[in-house]
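# Chain and residue survey
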Amino acid sequence: GQSIAFHGSHQAGIATPVQDRLHFAAFDLSTDSKEDVATMLKAWAAAAAQMTEAKEVGGGATGAELAPPDDTGEAIGLPASRLTLTVGFGPSFFDKLKLPKPDGLKELPHFPADKLDPARSGGDICVQACADDPQVAVHAIRNLVRMGFGVASIRWSQLGFGKTSSTTPDAQTPRNLMGFKDGTDNIAATDEKKLDTHVWVGDEGPEWMRGGSYLVARRIRMHIETWDRTSLKEQEDIFGRTKREGAPYGGTREHDPVVLDKLPIDSHVRLAHPDSLSGATILRRGYSFTDGSDGLGRLDAGLFFLAYQRDLEKGFIPIQRALAAKDTLNEYIQHVGSGVFACPGGVSPGSFWGASLLA
Ligand code: HEM
């Protein structure tokens, strides 16, 4: 139930040990006024500071009888649940507001087999709400939506459960919906050297991006029913790791080193490993989703993949290029939604995300 500081040199929710639940929302601006957007972001940041401390927004959920309350109320009495709110700006944000785009932010290329639904892709602003209680995460997004009325509205959103990528290697690694441990070889939240090299933007970025990061979000549908008819041997060959233990081929324990030539040539882990890709590295922070069924007798389920990196060209883009071309996992998955966002550096008290950009 503890709270995670909202203010700091980096935004919380990136290196923060992954919470259990996600509510991710992408917003579109309905204005081209920088001033209106800055006013909204300032109000959002003040509300975020309150909500992450389990406080009600503004004057609270009760007060003046003749106006709608400042807070919608469904989180009253709930602990902070390690709520974090992480904000990013998509390429279209800069186009609409006629602001200079950071060099590092670009639309992702088309990858083979992408089947992206425009209604689940893009967005001018994203907010990633993570918490150990889904009600706390949903309350946070809902209150930002309410405050954004007239300036920004939700374009698409995604609920997630069962974190699929831990950043806490000492804890038990969570499993994705394919039943495999996910996040074994992820960047640890405590590995500051790796975070500085691969996740946080440095002097190469504009002032407001320093200490920030680029986020790629992909809604990846899993063909669960086909997967469930696949033999254990084939499932393990696809990743190059065993199912129960998560050990890499050639090893016996989950954290044994990955020796690339022991893994099947087109296996997911071999293709995605930094040594196969001149060091390309990302911080994974994805969640599982199950959004009912698709009307064709199949679950609409999969992985809502979230990856943070300092440089898209040394992170998601080369990794996904390699995976899209060869990964034997491709028979069982399809990328159906996509977004890319520049997440500014940390917010100081009284300020807001990208304040110097919007000044
Ligand atoms: C590793 C599953 C999509 C990048 C893994 C592992 C599993 C897994 C089980 C091994 C355990 C681990 O080290 O975490 C999946 C599933 C996906 C998916 C089920 C889709 C539904 C992606 C995508 C990317 C990616 C889209 C990036 C473009 C990686 C990387 C590793 C990894 C970098 C670690 C490789 C290493 O250093 O050994 N994934 N993954 N994965 N995956 Fe994925």
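Let me begin by describing the structure that accompanies this report. (Residues numbered from 1 in each chain as written. Predicted model: local features only at pLDDT ≥ 70, side-chain atom pairs only at ≥ 80, totals over all residues. Heavy atoms only, no water.)

The next thing to look at is the pairing of strand β8 (residues 299-309). Within β8, 10 of the 11 residues are buried, which leaves the element mostly enclosed by the surrounding structure. As judged from the 8 bridges shared by strand β5 (residues 213-222) and β8, these two strands associate in the antiparallel manner. Residue L215 lies in a different strand from β8, and its bridge partner there is Y308. Relative to β8, strand β6 (residues 283-284) runs antiparallel, the two being bridged by 2 bridges. Residue L283 lies in a different strand from β8, and its bridge partner there is Y308. The turn joining strand β7 (residues 287-293) and β8, which pair antiparallel and follow one another in sequence, is formed by 5 residues; a positive phi near 80° is taken by G295. (Buried < 20%, exposed > 50% of the residue type's maximum accessible area, 1.4 Å probe, protein only. Helix = DSSP H or I, 4+ residues; strand = E, 2+ residues; numbered from the N terminus. Pairing = 2+ DSSP bridges.)

Bringing the environment of A188 into the picture now. Counting through the fold element by element, A188 comes out in the loop between β4 (152-163) and α4 (192-198). Here A188 falls in the buried class, since its relative accessible area comes to 13%. Among all residues touching A188, those that are not within four sequence positions of it are T167, P169 and L195. (Contact = heavy atoms within 4.5 Å.)

Taken together, 28 residues sit near the ligand, with G183, T184, D185, H268 and R284 positioned nearest. At a separation of 2.5 Å, an oxygen atom of the ligand approaches a polar backbone atom of G183. For the ligand, an oxygen atom lies 3.0 Å from a polar atom in the backbone of D185. Going through the elements one at a time, β5, α7 (268-272), β8, α8 (316-326) and β9 (333-343) are the ones with two or more residues in the shell around the ligand. (Near = heavy atom within 4 Å. Polar contact = N/O pair within 3.5 Å; in protein donor to acceptor, adjacent residues only side chain to side chain.)

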